[in-house]
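Observations on chain architecture
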Amino acid sequence: MGSVSYLLRGAKWGSMLSKCLPVFLCCVYLLYRTSHQRGRYHKFILAGLLLSSLGDACLIYSHLFIVVIGSQAPCRTSPPSSMARSGFLTGMAFFAVAHISYICAFGWSPLNPFPLAVILPVEGLIFFTVLLPELPGLLVYLIPLYILLLGTMVWRSLVVPLPRDAWLFAATGGVSFMVSDTALAIDKFCTPLPYAEAVIMGTYYLAQILLTLSATDGTEQHREPRKKKH
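Glancing now at the overall build of the chain. Along the backbone of the chain there are 9 helices and 0 strands. Relative to its full complement of 230 residues, the chain shows a buried share of 44%. Across the chain, the fraction of contacts at a sequence separation of at least 24, relative to all contacts at a separation of at least 6, is 80%. Carbon and sulfur atoms make up 70% of the accessible area of the chain, which amounts to about 12400 Å² in all.

In structure tokens:
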């Protein structure tokens, strides 16, 4: 009970509500639009949205990981930076699983590795020249794993065989997610960016809305290849 009361006293409910609500509304909209027929694609997109909401909550409320996992309130003398780092790592873990869910939605056919010719060099350049010199401790190993999942999600969103409009939503959503996470990483670990919050949250919400729309543009036609123009 002590850990629960600490959680209730320390939670930033206003921030949590304002940040998590848009993604939660995406979940509600997706459930409503697919109530009559919900296939594999819809379910994985929905799971990704829910996992993202949990990641948002952890990033806002840095003590969540310590309270839930440790089953007790942290000591008053616990370093704030250590608590914040735990919340950040837990949030990153939830977002990593969310990307896995999105990857499962997009699937692996057709393989089409050509987008990797752009994605991998861009990710490598940003990580090795910008992020790596600034990353502390364990993040030197964890951030590359997250970047790998993020890049894979973007790759699969660019080649997923959806109808034209749904494919455009998915592809733009994937790229927007990468822009948001890249801006967040640079702003957090390297140097403050101008209008950082607007850029990070704007592209993040855009990504989640577009991924939601990709799952509501039709039903199980999502696995049909796009028709090529002749």
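Before going further, it helps to spend a moment on the pattern of salt bridges. Under the defined criterion, the tally for this structure stands at 1 salt bridge. Linking Arg-164 and Asp-165 is a salt bridge whose minimum nitrogen-to-oxygen distance equals 3.5 Å.

When you line up the elements, Tyr-41 lands in helix α3 (residues 40-60). The buried category is assigned to Tyr-41, whose relative accessible area is 1%. In the structure, Tyr-41 is positioned 66 residues away from Gly-107 in sequence and 8.8 Å away in space, judged by C-alpha atoms.

With respect to the helices and strands, the residue Phe-24 is situated in helix α2 (residues 13-33). For Phe-24, a relative accessible area of 46% corresponds to the partly exposed category. Between the C-alpha atom of Phe-24 and that of Ser-53, which follows or precedes it by 29 residues, the distance is 6.9 Å.

With that settled, the discussion passes to the packing of aromatic side chains. Enumeration over the complete set of coordinates arrives at 9 aromatic pairs. Between the aromatic rings of Tyr-41 and Phe-106, the centroid separation amounts to 6.2 Å while the plane-to-plane angle is 50°, which identifies the pairing as tilted. Taken together, the residues Tyr-41 in helix α3 and Phe-106 in helix α5 (residues 80-106) connect sequence positions 65 residues apart. Phe-106 matches Tyr-41 in its accessibility class, with the two residues each being buried. Pairing Phe-95 with Phe-177 gives two aromatic rings, centres 6.4 Å apart and planes at 75°, and the pair type is edge-to-face. Highlighted residues: Phe-95 in helix α5 and Phe-177 in helix α8 (residues 164-189), separated in sequence by 82 residues. Each of the two residues, Phe-95 as well as Phe-177, counts as buried.

As a packed pair, helix α6 (residues 116-131) and helix α7 (residues 139-159) sit with axes 10 Å apart at the nearest point and diverge in direction by 155°. Classified by the interaxial angle, the pair formed by α6 and α7 is roughly antiparallel. Crossing geometry of α6 relative to α7 is assigned as right-handed. Across the interface between the two elements, Leu-116, Ile-119, Glu-123, Phe-127 and Leu-131 of α6 pack against Val-140, Ile-143, Pro-144, Ile-147, Leu-150, Gly-151, Val-154, Trp-155 and Leu-158 of α7.

Further remarks concern the confidence of the model for the chain. Summary statistics for the chain give a mean pLDDT of 84 and a share of 76% for residues scoring 70 or more. With pLDDT under 50 throughout, residues 1-8 is counted as low confidence; its partners more than four residues away or in other chains account for 15 contacts. Here residues 63-80 scores under 50 on pLDDT; set against residues more than four positions off or in separate chains, the count is 26 contacts.

Our next topic: the state of the cysteines. Evaluation of the coordinates by the stated rule reveals 0 disulfides. Cysteine Cys-20 remains unbridged, with the sulfur of Cys-58 as its closest cysteine sulfur at 9.2 Å. Residue classification places Cys-20 among the buried residues on the basis of a relative accessible area of 12%. The structure places no disulfide on Cys-26, whose sulfur is separated from the nearest cysteine sulfur, that of Cys-27, by 7.0 Å.

Following the sequence through the fold, Thr-216 ends up in the segment after α9 (196-214). The spacing of Thr-216 and Leu-31 is 185 residues in sequence and 9.2 Å in space, taken between C-alpha atoms.

What counts, and where the lines are drawn
Residues numbered from 1 in each chain as written. Predicted model: local features only at pLDDT ≥ 70, side-chain atom pairs only at ≥ 80, totals over all residues. Heavy atoms only, no water. Helix = DSSP H or I, 4+ residues; strand = E, 2+ residues; numbered from the N terminus. Buried < 20%, exposed > 50% of the residue type's maximum accessible area, 1.4 Å probe, protein only. Contact = heavy atoms within 4.5 Å. Areas by Shrake-Rupley, 256 points an atom, 1.4 Å probe, with all protein chains shown as cover. Salt bridge = Lys/Arg side-chain N within 4 Å of Asp/Glu carboxyl O. Phe/Tyr/Trp six-rings, centres within 6.5 Å; stacked < 30°, edge-to-face > 60°. Axes fitted to C-alpha atoms, helices over the stretch in contact; angles between N-to-C directions. Parallel < 35°, antiparallel > 145°, perpendicular 65-115°, else oblique. Left-handed = near helix turned anticlockwise from the far one by under 90°. pLDDT = per-residue confidence, 0-100. Disulfide = S-S within 2.5 Å.

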